[in-house]
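Close look at the chain arrangement
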Protein chains: 4
Amino acid sequence: MIEIDPTSPLPINDQIKGGLKGLVTKGLLRPGDKAPSIRGLAVSLKINPNTVARAFRELALEGFLDSKRGDGNYIARSAPGQAREGLAEAKDRLRDALRQARQGGLSWDDISDVIGAVKGGEDETR
Amino acid sequence: MIEIDPTSPLPINDQIKGGLKGLVTKGLLRPGDKAPSIRGLAVSLKINPNTVARAFRELALEGFLDSKRGDGNYIARSAPGQAREGLAEAKDRLRDALRQARQGGLSWDDISDVIGAVKGGEDETR
Amino acid sequence: MIEIDPTSPLPINDQIKGGLKGLVTKGLLRPGDKAPSIRGLAVSLKINPNTVARAFRELALEGFLDSKRGDGNYIARSAPGQAREGLAEAKDRLRDALRQARQGGLSWDDISDVIGAVKGGEDETR
Amino acid sequence: MIEIDPTSPLPINDQIKGGLKGLVTKGLLRPGDKAPSIRGLAVSLKINPNTVARAFRELALEGFLDSKRGDGNYIARSAPGQAREGLAEAKDRLRDALRQARQGGLSWDDISDVIGAVKGGEDETR
DNA sequence: GTGGTCTAGACCACC
DNA sequence: GTGGTCTAGACCACG
């Protein structure tokens, strides 16, 4: 459900947090639902369980997850609100990336091409 | 001529490298031209001279800049070629950012909004 | 494994790069092997960790090392090839030094003496 | 009479000083002889007159040169002694270079090859 | 524990 | 004034 890019300058940590918030934003995960297990996620994303654990711990601190020892993590009631804040952060990062792309010399046409490519990639995965 | 975002997940020194390559891509800097001085850039971008020096040293190792001690840095003859590679990297980073934005829950409409905002911001600066 | 001469006109970071490439050339380090840790090297060579980090970063940019955050640096598969290039640089530097020694007034006999001394020094260390 | 290698890690400054001392060591310049003019050397070596001037100033401070305003620089009576010290420095630098070459992975055979090449180069220039 | 980045400030070589 | 190198120490991301 989530995809990680280990080469991205955005820390894996933040990618996990953003991904989970995205799942809530998209309605694929609702308050009260059980979140994926830390170990399961670590295996499927091929990253260190410690990194996932830290992301979950931070989400719990933010009140996005309710963690129950020996059971698992559950989407908190306040999660949708937190997810909305995550959206704003995601927009900020996108804006950053766009400005940097422009500064790096990309034309708006180049940017349109990249967007098209990403859209196409999503279709294939469907 | 270059703008730095200290809050960006992309390291400052990479932003400098990308920015310089962008100036060449845009034709604002040509082979043989003198690059901005390390200290001057550091002051105008309000960052540490050492950080700029690091970016410049790496650009020199890549053959993008010719550095002359006691004189300054000059755009190398092979710079346009190197800049083209920089373009590809910039595209990769943009692609990353888009995928992460999508994963974070942004709709394509949201993304269009952000693009519009960035375009508008550029117009204002003109 | 590596020795640094802080009084040498050759920058310390270049000495580190040359030393690591030498270890590969000599077969003491092979692709896939773990390189010494930055902090460990810094301590044993009695130099600043930042200086070692700089050398390692450049080796990583050249593709000689694969650096894994939180883990360590590994000798890349392409390292032996890069090491061969390093050999050529080392020869160039030696040629320089010889020409300067000659220009400084050293006779070929003097030079033979120095070579003998260095050979002898190596034997002692054995 | 002197040759400079601008790419050498040994500062140009020191190359000039070493070269002059070498001329005395070789007997091509004797106490009381007029040294080459600063401007003339700068032109023939294609380097900045300021750099030559600094080297000469330091040689004067060391007592190797007698500088006469409006006339030129002359080899001091004590020059041969100073030149002998220069010889020791040159040997030290050679020793450094050899050790670094060995550490960089050069075999003694490689080193012999380089020496042969330098010898050959000198013959050609004759 | 590991590497990665940045700041701050020093000294050197050179124009 | 310019670039080049090194030290020192801080903070972050990761295992």
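Our subject is the structure listed above.
Cut-off values and rules
- Here the residue index of a chain counts from 1 through its sequence in written order.
- Each chain gets a letter, beginning with A, and each ligand a number, beginning with 1, in the order they are written.
- Reporting of local features is limited, given that this is a predicted model, to residues whose pLDDT is at least 70; pairs of side-chain atoms are given and counted only at 80 or more, and all residues count toward the totals for whole chains, interfaces and linings.
- Water and hydrogen atoms play no part in the side-chain values, which are based on all heavy atoms of the structure.
- Grid spacing is 1 Å over the protein atoms alone, the probe is 1.4 Å, and a cavity is where that probe fits but cannot get out, while a pocket is an open set with protein on both sides within 12 Å along at least five of seven lines and lining residues have an atom within 4 Å of a point.
- Grid points are joined across faces, edges and corners, and a volume is the space filled by probe spheres set on the points.
- Think of it this way: any DSSP run of H or I at least four residues long counts as a helix, any run of E at least two long counts as a strand, and we number them from the N terminus.
- Think of it as three bins: nonpolar holds Ala, Val, Leu, Ile, Met, Phe, Trp, Tyr, Cys and Pro, charged holds Asp, Glu, Lys and Arg, and polar takes everything else, Gly as well.
- Think of it in three bands: residues with accessible area under 20% of the maximum for their type are buried, residues over 50% are exposed, and the middle band is partly exposed, with areas taken using a 1.4 Å probe on protein chains only.
- Being near a molecule or strand, for a residue, comes down to having at least one heavy atom within 4 Å of it.
- Whenever a nitrogen or oxygen atom comes within 3.5 Å of another N or O atom, the pair is scored as a polar contact, on the condition that within protein one atom can donate a hydrogen and the other can accept it, and that pairs from neighbouring residues in sequence are kept only if both atoms are in side chains.
- Between two residues, a contact is recorded if the distance between any of their heavy atoms is within 4.5 Å.
- Take the accessible area each of two parts loses on contact, using a 1.4 Å probe, and add the two losses: that sum is the buried area.
- The salt bridge criterion pairs a side-chain nitrogen of Lys or Arg with a carboxyl oxygen of Asp or Glu, the two atoms within 4 Å.
- The copies were overlaid with a least-squares fit restricted to C-alpha atoms from residues scoring a pLDDT of at least 70 in each copy.
- Pairing of aromatic rings covers Phe, Tyr and Trp, the last counted by its six-membered ring, and requires centre-to-centre distances within 6.5 Å; plane angles under 30 degrees mean stacked, over 60 mean edge-to-face, and any other angle means tilted.
- By definition, being over a ring means that NZ of Lys or CZ of Arg is both within 6 Å of the ring centre and within 35 degrees of the ring normal.
- Expected span of a helix: the number of residues minus one, times 1.5 Å.
- By arc we mean the arc of the directions from the helix axis to the C-beta atoms, nothing more.

Here we take up empty space enclosed by the protein. Taken as a whole and assessed by the stated rule, the structure comprises one cavity of 30 Å³ or more. Considering only enclosed or pocket space, the largest cavity measures out at about 330 Å³ in volume. Lining of the largest cavity is provided by 26 residues; of these, Arg93 and Ala97 of chain C together with Pro9, Ala97 and Gln100 of chain D occupy positions nearest its centre. Taken together, the elements giving at least two residues each to the lining of the largest cavity come down to helix H1 (12–25) and helix H4 (79–103) of chain C together with helix H4 (79–103) of chain D. Per-element tally for the lining of the largest cavity: the top contributor is H4 of chain D, with eight residues. Split into classes, the residues belonging to the lining of the largest cavity amount to twelve nonpolar, nine polar and five charged.

This part covers unusual backbone geometry. Residue and element names in this part refer to chain B. Positive phi values are uncommon outside glycine, yet Lys46 reaches one of about 60 degrees. Topologically, Lys46 is positioned in the loop between helix H2 (38–45) and helix H3 (49–62). Of the residues examined, Lys46 reaches a relative accessible area of 75% and is grouped as exposed.

Moving on, we come to the protein's contact with DNA strand E. Near DNA strand E you find 27 residues, and of these Ile12 and Asn50 of chain B, Arg39 and Ser67 of chain C together with Thr51 of chain D are the closest. Sugar and phosphate atoms represent 70% of those atoms of DNA strand E found within 4 Å of the protein. A distance of 3.0 Å is found between a phosphate oxygen of DNA strand E and a backbone nitrogen or oxygen belonging to Ile38 of chain C. Here a base nitrogen of DNA strand E sits 3.2 Å away from a polar atom, N or O, in the side chain of Asn50 of chain C. The set of elements that each furnish at least two residues to the surface near DNA strand E consists of helix H1 (12–25) and H3 of chain B, helix H2 (38–45), helix H3 (49–62), strand S1 (65–68) and strand S2 (72–75) of chain C together with helix H1 (12–25) and helix H3 (49–62) of chain D. A per-element tally of the surface near DNA strand E places H3 of chain B first, with three residues.

With that out of the way, let us pick up the interface of chain A and chain B. The interface is formed by 37 residues belonging to chain A together with 37 residues belonging to chain B. Taking both partners together, chain A and chain B bury about 3600 Å²; carbon and sulfur atoms supply 66% of that area. Sorting the residues of chain A by area buried against chain B places Leu94, Gln103 and Trp108 of chain A first, and these three jointly supply 18% of that buried surface. One can count two salt bridges joining chain A with chain B.

Glancing now at the interface of chain D and chain C. Taken together, the contact pairs 37 residues of chain D with 37 residues of chain C. Of the roughly 3500 Å² buried between chain D and chain C on both sides combined, carbon and sulfur atoms contribute 66%. Across the contact surface, chain D and chain C share two salt bridges. On the surface where chain D and chain C come into contact, there are ten residue pairs in polar contact (both at pLDDT 80 or more). When residues of the side of chain D that touches chain C are traced back to their parent elements, those giving at least two are H1, H4 and helix H5 (108–125) of chain D. It is H4 of chain D that provides the largest number of residues to the side of chain D that touches chain C, a total of 13 residues. In terms of residue class, the side of chain D that touches chain C is built from 15 nonpolar, eleven polar and eleven charged.

What follows concerns the relation of the copies chain A and chain B. The transformation that overlays chain A on chain B combines an axial shift of 0.0 Å with a rotation of 180 degrees, and the residual RMSD is 0.2 Å. With respect to symmetry, the two chain copies, as superposed, fit the operation of a two-fold axis. For chain A, the minimum C-alpha distance to the rotation axis belongs to Pro9 of chain A and amounts to 2.9 Å. Here 100% of the interface residues in chain A have copies in chain B that are interface residues too; the copies meet face to matching face.

Attention now goes to the environment of Leu28 of chain A. Residue and element names in this part refer to chain A. As for its position among the elements, Leu28 is in the loop between helix H1 (12–25) and helix H2 (38–45). When its relative accessible area of 52% is taken as the criterion, Leu28 is described as exposed. C-alpha of Leu28 to C-alpha of Lys68: the two residues are 40 residues apart in sequence and 21 Å apart in space. For Leu28, the contacting residues outside a window of four places in its chain are Leu23 and Asp33.

Throughout the structure, instances matching the rule amount to zero aromatic pairs over all chains. Directly above the ring of Tyr74 of chain B sits Lys68 of chain B, whose terminal nitrogen or CZ lies 5.3 Å from the centroid. Sitting over the ring of Trp108 of chain A, Lys119 of chain B keeps its end group 5.1 Å from the ring centre.

What follows covers the relation of the copies chain D and chain C. The operation relating chain D to chain C is a screw motion whose rotation component is 180 degrees, with 0.0 Å of axial translation and a residual RMSD of 0.2 Å. Both copies present the same face, since 100% of the interface residues in chain D are matched by interface residues at the equivalent positions in chain C.

Looking at DNA strand F, there are 26 residues lining it, with Thr51 of chain A, Arg39 and Ser67 of chain B together with Ile12 and Asn50 of chain C nearest. Take the atoms of DNA strand F that sit within 4 Å of the protein: sugar and phosphate atoms are 70% of them. Contact between DNA strand F and Ile12 of chain A: a phosphate oxygen at 2.8 Å from a main-chain N or O atom of the residue. Between Asn48 of chain C and DNA strand F, the recorded distance is 3.3 Å, taken from a backbone N or O atom to a phosphate oxygen.

Residues and elements named next belong to chain D. A rise of 1.5 Å per residue sets the reference length of H5, with its 18 residues, at 26 Å; its end C-alpha atoms lie 26 Å apart and thus fit the reference within 8%. All buried positions along H5 are accounted for by Trp108, Asp110, Ile111, Val114, Ile115 and Val118. Buried residues of H5 fall within an arc of 160 degrees about the axis and therefore sit on the same side. Residues of H5 that are exposed and point more than 90 degrees away from the buried face comprise Asp109, Asp113 and Glu124.

All names here are of chain C. Applying the stated criterion to the full structure yields 28 salt bridges over all chains. Close ionic contact of Glu58 with Arg54 constitutes a salt bridge, the shortest N to O distance being 3.8 Å. With a gap of four residues between them, Glu58 and Arg54 both fall in helix H3, about one helical turn apart. Given the relative accessible area of 3%, Glu58 is considered buried.

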